[in-house]
Amino acid sequence: MAEDFAKAVEDGLKLAKRIYLGKDKAVMTAPKPPSPPVQGLADYYLPSAPMVYAVISDPGYVDNPDFPSYQPHVYGRCDPPALIPLQMSGVDLEVNCYGDTAFVQISGKWRVHCVMGSHSCDCRIAVPMGNQGSILGVEVDLPKKSYSTELVGLEESKCIEKIVRPQDGGFMKPHIFMLTIPQVDGGTNISIKLRWSQKLLYNNGQFTLTVPFSFPEYVTPAVRKISKKEKIQLNVNSGIVAGILCKATSHPLKETKRHAEKFSFLYESEVLTWSKTDFSFSYSVSSSNMFGGVLLQSPPLYDHDQRDMFCVYLLPGSQKSTEVFKKEVVFVIDITDSMQGRPLEATKNAISSAMSKLGPEDSFNIITFSSETSLFSTSMELASKEAIERATTWLSTKSTAYEMLSNTSGSLPMIFLITDGAVEDERNICDQMKKRLKNSGSLCPRIHTFGIGSFCNHYFLRMLAMIGRGEFDAVCDLDLIGNRIQKLFSNAFSTVLANITVDAFNDHEQIEVYSSCIPDLSFESPLTICGRYEGSFPDTLKAKGLLGDLSSFVMDLKIVLGRQEIDLLTAQAWLSENKQLEQKVAQLSKVTCNISEYTRMVLLEKNKIDKAIESSGAQKVKKTDPHKIKDPLAPRKTLLQSLSVGFGDLTATAENIRPGFEQPKLPDAAEVFLKATSNCCGRMCNRCCCMCCIQCCSKMNDQCAIVLTQIFTALAFIGCIECCTLCCGQDGQ
């Protein structure tokens with residue numbers, strides 16, 4: 001879809017040469033980069049800032065609405081339609097940062113400068129978002145109509161008959177949202193307000209915000225007399241009272257206010273051309289030691305849940321002298337046919353890079369699985385140069401080994417599960433892991449999960465990571481696999497505080513924490529813990545944990561939200577199949593405007609002329625059955641394509657369909673396939689709490705058994721269970 005979009009923009013810019021701008025005005029021309037890239041041309045024409053395009057099917061309509069040029073008629077049609085970027089006459093950027101989350105709003109004005117005044121065209125809005133961006137809403141104001149998006153429940157969405165095509169409302173790429181506004185007259189001025197949330201990057205005590213704000217030259221109005229005003233407002237609530245130092249910014253911001261942990265900046269200027277660089281801002285935390293705090297916030301009046309909200313944050317500080325944990329790492333990799341090619345190659349390269357970062361006292365092993373299991377070594381290997389070279393070679397040849405035991409002593413065990421598919425009975429896997437880890441030692445294995453594509457169940461992987469105090473991440477864009485996996489490895493390898501607890505969470509019945517198990521704190525990323533509470537929040541909190549040298553650590557916490565809250569609650573709702581929790585997520589989704597699995601986004605169309613006639617008291621002639629007439633003031637609703645990731649796709653997994661964001665999703669009917677009946681004998685070894693291994697149970701051949709066995713095999717390597725093929729040869733005794 002991205003390549004088709006870029007080609008349509010390239011065609012649109014060529015078509016825009018027809019536009020005559022009047023005497024002494026240059027003809028609009030397509031951009032001419034110094035050296036047009038042979039590869040990556042698609043990326044060049046993709047939006048690097050919010051953009052609006054005229055959708056042109058009939059090239060004969062292309063002309064200046066103010067100065068018709070009476071050019072010869074153009075025969076034929078554009079199929080697919082060309083996209084002409086509209087010129088922008090004003091832009092305001094407002095960013096509000098809370099902790100590690102930024103809420104972005106861009107307000108701009110565009111003009112349909114390329115279509116005859118007597119004709120109209122659709123206008124397509126493209127919204128590129130920053131790091132882990134999530135669309136919150138779009139508002140469009142026209143002279144005669146207005147449009148806006150809102151989230152509705154799944155039941156309500158079933159009553160909406162009109163559904164847009166995928167290209168008219170959805171994600172072109174994981175970070176680019178598109179929405180098409182129908183039939184806008186030539187010469188119309190369009191006012192648009194766009195809202196989304198994104199994450200700040202964190203590295204070595206420094207937070208960095210980057211917002212897509214680089215506009216191509218061809219969106220600048222050709223008429224230079226038009227006033228072009230650019231404005232940026234930045235508000236930061238860091239949650240840190242002291243020790244904040246602003247480091248760098250891409251635009252000349254002026255500080256307007258600073259009070260305790262809050263500070264504001266403003267940039268406003270008349271410009272000749274729009275911003276050519278993304279807006280970036282960074283600030284550092286001067287503390288060299290670990291520290292934290294609590295942010296409290298009252299709920300909005302229209303929030304279904306009227307309990308107050310809290311966010312506990314822990315930061316590792318900027319000093320890396322704190323000892324990290326010794327590690328025992330098991331990589332569990334899906335090598336089914338669908339993973340072949342770019343996904344598997346990127347995974348292999350990331351694992352090879354991760355192994356090179358292990359210390360000489362660390363140890364590792366690798367398990368690959370498809371229909372069979374392959375092990376790199378019969379035991380955990382110390383991370384020597386020779387062992388890493390052998391492991392890298394083995395990843396390409398898929399050698400086979402047998403399971404053996406290893407004991408964990410004074411190290412932090414870690415399991416990394418990387419897959420692109422869904423499996424049956426995933427809830428059973430989570431339940432099994434809960435029981436197993438609950439009875440483990442002081443340092444239970446950390447389970448980190450990574451999903452590739454949209455066919456795997458992101459919420460299963462998120463819940464599995466939550467149970468194992470680990471991290472979850474996923475990508476749908478294959479180009480991002482390597483970087484994101486390496487980021488996951490880097491975060492886990494730099495763990496400095498484990499087994500974190502907050503005293504008030506256990507002693508206060510009125511506090512609800514969304515994460516049942518608090519993950520570890522890493523040098524690479526701050527930690528946030530969100531929830532709700534009733535009554536008064538405790539005046540003081542103490543966070544406790546275990547340091548890398550296995551000594552205890554206690555921290556006093558002195559007295560941002562939405563996306564993380566919804567994802568955690570959705571994972572819990574999926575696991576428990578609790579309808580009330582699903583409704584809670586839906587309500588929270590609608591209040592915060594964050595997309596969820598239990599809501600759908602709709603486009604509301606309001607006719608200003610009808611409203612004006614109604615308010616003036618004029619009577620309308622009823623041409624249809626009065627019982628079927630809807631409220632004339634009610635906005636018309638159009639249902640957008642599903643924007644959520646879903647709960648995995650068993651059919652696509654079974655057919656080994658390769659992951660990729662641009663592959664169309666299967667219809668909803670496929671998601672309700674009956675689960676295949678498990679043929680597992682159900683025998684239990686009396687020496688452990690897990691199901692018998694595949695080697696002794698020929699009936700246990702479904703994918704659920706395969707994945708469950710891989711995880712338990714990984715646990716066995718790090719000394720957490722005592723199950724092996726030898727004990728299963730005696731009928732599970």
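Relevant structure appears above.
Residues numbered from 1 in each chain as written. Predicted model: local features only at pLDDT ≥ 70, side-chain atom pairs only at ≥ 80, totals over all residues. Heavy atoms only, no water.

Enquirer: Any details on the environment of Lys542? Residues and values, ideally.
Expert: The topology assignment puts Lys542 in strand β31 (residues 541–547). Accessibility expressed as a relative area gives 35% for Lys542, which makes it partly exposed. For the pair Lys542 and Lys558, spaced 16 residues apart in sequence, the C-alpha separation works out to 9.0 Å. Leaving out residues up to four positions away in the same chain, Lys542 has contacts with Thr501, Val502, Asp503, Val554, Met555 and Asp556. Polar contacts involving the side chain of Lys542 include one to the side chain of Asp556, which spans 2.6 Å. (Helix = DSSP H or I, 4+ residues; strand = E, 2+ residues; numbered from the N terminus. Buried < 20%, exposed > 50% of the residue type's maximum accessible area, 1.4 Å probe, protein only. Contact = heavy atoms within 4.5 Å. Polar contact = N/O pair within 3.5 Å; in protein donor to acceptor, adjacent residues only side chain to side chain.)

Enquirer: I'd like to hear about helix α8 (residues 481–493), residue by residue, with values.
Expert: For an α-helix, the turn length of 3.6 residues means that residues three or four places apart are oriented alike. For α8, with 13 residues, the first-to-last C-alpha span of 18 Å sits near the 18 Å given by 1.5 Å per residue. Those residues of α8 lying buried are Ile481, Gly482, Ile485, Leu488, Phe489, Asn491, Ala492 and Phe493. (Expected span 1.5 Å × (residues − 1).)

Enquirer: Mind laying out the environment of Asn96, listing which residues take part and the relevant values?
Expert: Take Asn96: it is sitting in strand β3 (residues 87–98). Distance in space between the C-alpha atoms of Asn96 and Gln233 is 8.4 Å, their sequence separation being 137 residues. Among residues more than four places away in sequence, those in contact with Asn96 are Thr101, Ala102, Phe103 and Asn235. At 3.4 Å, the side chain of Asn96 forms a polar contact with the side chain of Glu94. Within polar-contact distance, the side chain of Asn96 engages the side chain of Asn235 at 3.0 Å.

Enquirer: If you had to explain the packing of helix α4 (residues 342–356) against α8 to someone new, which residues and values would you point to?
Expert: The contact between α4 and α8 brings their axes to 9 Å, and the two run at 30°. Judged on the interaxial angle alone, α8 and α4 are roughly parallel. Between α4 and α8 the crossing geometry is right-handed. For the pair α4 and α8, contact is made by Pro343, Ala346, Thr347, Ala350, Ile351, Ser353 and Ala354 and by Ile481, Gly482, Ile485, Gln486, Phe489 and Phe493, respectively. Counted by class, the contact of α4 with α8 contains nine nonpolar, four polar and no charged residues. (Axes fitted to C-alpha atoms, helices over the stretch in contact; angles between N-to-C directions. Parallel < 35°, antiparallel > 145°, perpendicular 65-115°, else oblique. Left-handed = near helix turned anticlockwise from the far one by under 90°. Nonpolar A, V, L, I, M, F, W, Y, C, P; charged D, E, K, R; others polar.)

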